[in-house]
Each structure stands twice: as C-alpha cells, then as structure tokens.
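Results of the structural survey
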Amino acid sequence: MISQRDVAFYREHGYIVVPDLVDPGTLAALRRVIDAIVARAATVTTHDDVYDLEPSHRPDRPRVRRIKKPHVLDPVFDALMRSESLLSVSRQLLGPGVRLYGSKLNIKAPEYGSPVEWHQDWAFYPHTNDDVLAIGVMLDDCQLENGPLMVMPGSHKGPTYDHHADGYFCGAIDPDACPLDFSKAVTLTGKAGSCSFHHVRMVHGSAQNTSALPRQLLLYEFAANDAFPLLSGVKDLAEFDAKILCGPKTIEPRVVAAPVRLPLPPAHGQGSIYENQFGSRKRYFAFDTAAAPTAKALAPAK
Ligand SMILES: O=C(O)CCC(=O)C(=O)O
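Residues numbered from 1 in each chain as written. Predicted model: local features only at pLDDT ≥ 70, side-chain atom pairs only at ≥ 80, totals over all residues.

1. Regarding the site of the ligand
Close to the ligand lie Asn 106, Val 116, Asp 121, Leu 149, His 204, Ser 206, Leu 217, Leu 219 and Ile 273. Taken together, the elements giving at least two residues each to the shell around the ligand come down to β12 (203-206) and β13 (217-224). Broken down by class, the residue content of the shell around the ligand amounts to five nonpolar, three polar and one charged. (Near = placed C-beta within 6 Å. Helix = DSSP H or I, 4+ residues; strand = E, 2+ residues; numbered from the N terminus. Nonpolar A, V, L, I, M, F, W, Y, C, P; charged D, E, K, R; others polar.)

This is how it looks when you write it as structure tokens:
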C-alpha cells in the first residue's frame, strides 16, 4: 500500500516511484528467464511476435531491444502482474477493478540500448476514460547513466500532442513543435525492485544507454476495468474479461471527456514503438544505431 500523500502526488504530477515492491528472489527468477529468452534470439533475423531487435542485431550476436508480451511467454511474468504488491498500489490509483492492457520488456542493454522518443501512451491506446497507467518494474538499478525513464510532471493534465509525421502516426512528439520544456523532465531512478507508475497521458521518454550498466524495465499496462479501448474495441468478450486482474467484469464503459487523437493512419512499417518512431522527423535523444560494442556486449549468448 502507498500513503494517501503518495496517491495525491500521483494525481497531481502523474507519476510515482515505489521502492522495494519486487523481492530479490523474484528479480533473480525474472533475470534467469530473460537471459534464456534473449539467448534464443540467436535464431531470428527480423522482428517477430516475441522480439523487437536492435538495429545492430546479428544472430551470432543477439541484440534484443524489446521482448513483446512477456506475460504470455513465462509464468514468472504472469505471476508478478497478479501479485498483491503491484495490484494493491494499482487499485489505489485506478480503483477497485483492474484489467491488463499489455506487457513488454524494454531491455536497453549496456553501450547501445535504444532511446525512446517523447510520447504519451494515450496516443497509442486511448480508452473511454483515462484511468490507465503503466508500471515500470526496475529489474536493474535505474540511474542517470543507464537511460532511466524520464517524465514531464503534470503533462497528464494537458493536451494529447501530435504524434504524426508526414500524415502518418509515428508514435513520437516532434520536440521542436511541442511547447513543453524538456529540460524540466524528471528522471525516475531507483534500486532494482522499485516500480514506477505513470499516467497514460504522461509525456515520457528515455535516452540511449551508453553506459556499461544494463537497464531492463518490465512494463505492465493496467486500465480500470471500466476503461474500454477506443481503437481495438472488444472483439472477444471472454478474452477481454480474462484480462481482469481484480474486481468485477463489466459491459458498462465509463466515458469521460479527455483529448483523444487516434494513431491513424498507422505508421509505415507499423510495429513496436521503436519501429514506429523511425518515422519521426526530428529526434530529441541522440541515437547511435551502430554503437561501438564492448567486449562485454559482444560476449556470446549462453
Ligand atoms: O523503456 C523506456 O525507457 C521507455 C518505455 C516506453 O515508454 C514505452 O515502451 O512505451
């Protein structure tokens, strides 16, 4: 549980970091599973349903940028998203009913792990109400050097910014065309086992990891059970209801006024956020796609 002060902080600023939510045993189990999944990327040459690959990936030297939908790949991810430690905080921020929207694991490996341009998750998956958030489970210590998540406090109360370039969705805000002062961003740092919670309308991003330290961030996207996705809708009610993590099922969406822009027409080469953001005209974060590999980064997969 977090304090009422913490809840008020989240409502005011749009984010909160809670230390020690995930125990060391669970972190160790997660790391073992992740290492094995990353090693299996030696069999792939292009992005697929499991892997989003770094631009410098080679099968003999696997470089994974993101593992997609980890909760369907191994029970350890599923168990964590259902744990009371994550759900009790989520209930305080979203209300008694919580549904999973999605999960992803951004690896951000030492020396080359890709940046993520400024964006709002709301621009990708608007719902009927904005009681939707993302939990970032820090699997490594997140510090200034290794590309921690950065947020623009209070931006969850502002507009939904343009995430298009040349008429197509690109999943990134043009930093020059946006009135926000990104020098005021707050970096969400913490020890491994800490979790950040950020509001779905919060503007956020992160720099390339050019340090020698890993920065794995496991993200769960949770919605209030009465927040229904505007774009995908509900195609299969049983499947939709199966994503309820706590609280009752409902077929009564709660609708609130919130500024919505649809991610349409889709990006050229629509895929993960990294692929979409290749279409952005201007970048804020420096990105060296051929970042020099160190001996450590080149070590063969076990
Ligand atoms: O991994 C990060 O630092 C940013 C993640 C993020 O914002 C996203 O994947 O939508």
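There's plenty left to go through after this.
2. Quick notes on the pairing of strand β4 (residues 98-106)
In this sheet, β4 lies alongside strand β3 (residues 64-68) in antiparallel orientation, the contact comprising three bridges. Residue pairing for β4: Lys 68 is matched across the bridge by Lys 104. As paired elements, β4 and strand β14 (residues 244-246) share two bridges and run antiparallel to each other. Pairing of Val 98 across the sheet is with Cys 246, part of β14. Two elements, β4 and β13, share eight bridges in a ladder whose sense is antiparallel. Bridging from a neighbouring strand, Val 98 pairs with Ala 224 of β13. (Pairing = 2+ DSSP bridges.)

3. Observations concerning unusual backbone geometry
In this chain, Leu 264 is followed by Pro 265 through a cis amide linkage whose omega measures -10°. Its location among the elements puts Pro 265 in the loop between β14 and α6 (273-277). Located in the positive-phi region is Lys 69, a residue other than glycine, with phi close to 45°. Summarising the element assignment, Lys 69 is placed in the loop between β3 and α3 (75-81). Non-glycine residue Lys 108 carries a positive phi angle of around 40°. As for its position among the elements, Lys 108 is in the loop between β4 and β5 (116-120). On the neighbour-count criterion, Lys 108 (28 C-beta atoms within 10 Å) is buried. (Buried ≥ 20, exposed ≤ 12 C-beta atoms within 10 Å, placed from the backbone.)

4. Details of the nonpolar core
Leu 133, Ile 135, Val 151, Cys 195 and Phe 197 are the most contacted members of the largest nonpolar core, which totals 64 residues. Excluding its chain neighbours within four sequence positions, the residues that come into contact with Ile 135 are Leu 86, Cys 195, Phe 197, Leu 219, Tyr 220 and Phe 222. (Core = buried A, V, L, I, M, F, W, Y, C linked by C-beta atoms within 7 Å. Contact = placed C-beta atoms within 7 Å.)

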